[in-house]
Amino acid sequence: MDINKQVWTEEIKADSSLFSVNFKELWHYRDLLLMLLKRDFITFYKQTILGPIWFFVQPIMTSLIYLVLFGQVAKLSTDGLPQLAFYLAGITIWNYFSESLVKTSSVFQANASIFGKVYFPRLIMPLSIVFSGLLKFGVQFLLFIAVVLYYTLVDQTIHPNLWVLATPFLILLMAGFALGLGMIFSSMTTKYKDLSFLLAFGIQLYMYATPVVYPISAMPKNYRWIVDANPLTGIFECFRYGYLGSGNFDPNSLIYTTLSVIVMLFVGVLTFNKVEKGFMDSI
């Protein structure tokens, strides 16, 4: 037996295909994913007084501000629905999307020191951001459900329907869209750092192109195409229609949204895989 002959248990090498996701390897590093989830949750609230209570404070305060600005001052329509429930429905899912997108878009810059020291599937980082956002979303979603139950059982002004069962699918679509778009921006900002400032400004404008604080029926017909072209529109309208029982939801819009998410993920993984091979040279 040749004692100099070594048997490698693992071999690290670059994948020749740009569009490749090694699911087996991602599963192998699942403990790292869980550790990152725990890190994001603990470090963010470690030195806060209220801790996870901020999960409730943020959507409540934002809803009250929207209620005053858009409901009382601007007097935007809510399709006859209670304003608090209407705004909270949009805020709950928008917060998850926007935070996932913004954090994913800076994954290369924020973790450059880690990427340069040890190997692990780089896709773990953006995935950890999307999954950690689900923790916050879950808490805020419980707050939203409590408001829905009040207006359904006590006030009896809203009437949920079976479209609430589509909630897991809607969350999956929203996570996929944020992940794909975030990876595109993350890949581009390694070379063009100005894009990070553009995204911070653009995400605010994007909210107004999405039916977060207004229903589709309130959009002037001349600008309706802007909202219809937005892949998020179908998600928000379906979510609001399912839990509040009112709106102009078209089930066909989810087909367009699903196709858009698939394309976005394809392009996102493609650019992410391309940049990760040599991004340390440009960071």
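Cut-offs and rules
Numbering of residues begins from 1 in every chain and follows the order in which that chain's sequence is written. The model is predicted, so local features are restricted to residues of pLDDT at least 70 and side-chain atom pairs to those at 80 or more, both for listing and for counting; the totals for chains, interfaces and linings are taken over all residues. Side-chain numbers come from the whole structure's heavy atoms, not from hydrogens or water. By salt bridge we mean one thing: a side-chain nitrogen of Lys or Arg within 4 Å of a carboxyl oxygen of Asp or Glu. Put simply, DSSP H or I for four residues or longer makes a helix, DSSP E for two residues or longer makes a strand, and each gets a number counted from the N terminus. Relative accessibility thresholds used throughout: buried, under 20% of the residue-type maximum; exposed, over 50%; partly exposed, between the two (1.4 Å probe, protein chains only). Axis lines are fitted through C-alpha atoms, for helices just across the contact stretch, and the angle between N-to-C directions can take any value from 0 to 180 degrees. Every angle not falling under 35 degrees, over 145, or within 65 to 115 is termed oblique; those three ranges are roughly parallel, roughly antiparallel and roughly perpendicular. Only heavy atoms matter for contacts: two residues are in contact if any of them lie within 4.5 Å across the pair. Residues are grouped as follows: nonpolar covers Ala, Val, Leu, Ile, Met, Phe, Trp, Tyr, Cys and Pro; charged covers Asp, Glu, Lys and Arg; every other residue, Gly included, is treated as polar. The handedness criterion is simple: a crossing whose near helix is rotated anticlockwise from the far helix by less than a right angle is left-handed, and one whose near helix is rotated clockwise is right-handed. Without a salt bridge and with relative accessible area above 30%, a residue can belong to a patch; like charges are then joined within 9 Å and nonpolar side chains (Val, Leu, Ile, Met, Phe, Trp, Tyr) within 5 Å. Accessible surface area values rest on a Shrake-Rupley calculation with a 1.4 Å probe, where residue burial reflects the displayed protein chains alone.

(A) How the structure looks around the pattern of salt bridges. Within this structure, the stated rule accounts for three salt bridges. Across the pair Asp228 and Arg224 runs a salt bridge, and its minimum N-O distance is 3.5 Å. Taken together, the positions of Asp228 and Arg224, both in helix H10 (residues 224-228) and four residues apart, correspond to about one turn of that helix. Look at Arg224 and you get partly exposed, because its relative accessible area is 30%. The residue Arg240 makes a salt bridge to Glu237 at a minimum N-O spacing of 3.5 Å. Of this pair, Arg240 and Glu237 both sit in helix H11 (residues 232-244), three residues apart, roughly one helical turn. With relative accessibility at 3%, the residue Arg240 sits in the buried group.

(B) Representation of the packing of helix H7 (residues 124-154) against H11. Running from N to C, H7 and H11 cross one another at 40°; their axes reach a closest spacing of 11 Å. By the criterion of interaxial angle, the relationship of H7 to H11 is oblique. Touching Phe141, Phe144, Ile145 and Val148 of H7 are Phe239, Tyr243 and Leu244, all from H11. Looking at the contact of H7 with H11 residue by residue, the class counts come to seven nonpolar, no polar and no charged.

(C) Structural view of the packing of helix H3 (residues 54-73) against H7. Between H3 and H7, the shortest axis-to-axis distance is 9 Å and the interhelical angle comes to 60°. Accordingly, the angle class assigned to the pair H3 and H7 is oblique. Along this stretch, H3 crosses H7, giving a crossing that reads as right-handed. In this structure, H3 contributes Phe55, Phe56, Gln58, Pro59 and Ile60 to the contact, and H7 contributes Lys136, Val139, Gln140 and Leu143. Of the residues belonging to the contact of H3 with H7, the class tally is six nonpolar, two polar and one charged.

(D) A nonpolar patch on the surface, seen in detail. A cluster of nonpolar side chains, Phe56, Ile60, Met61 and Leu64, forms an exposed patch at the surface whose accessible area comes to about 340 Å². Its location among the elements puts Leu64 in helix H3.

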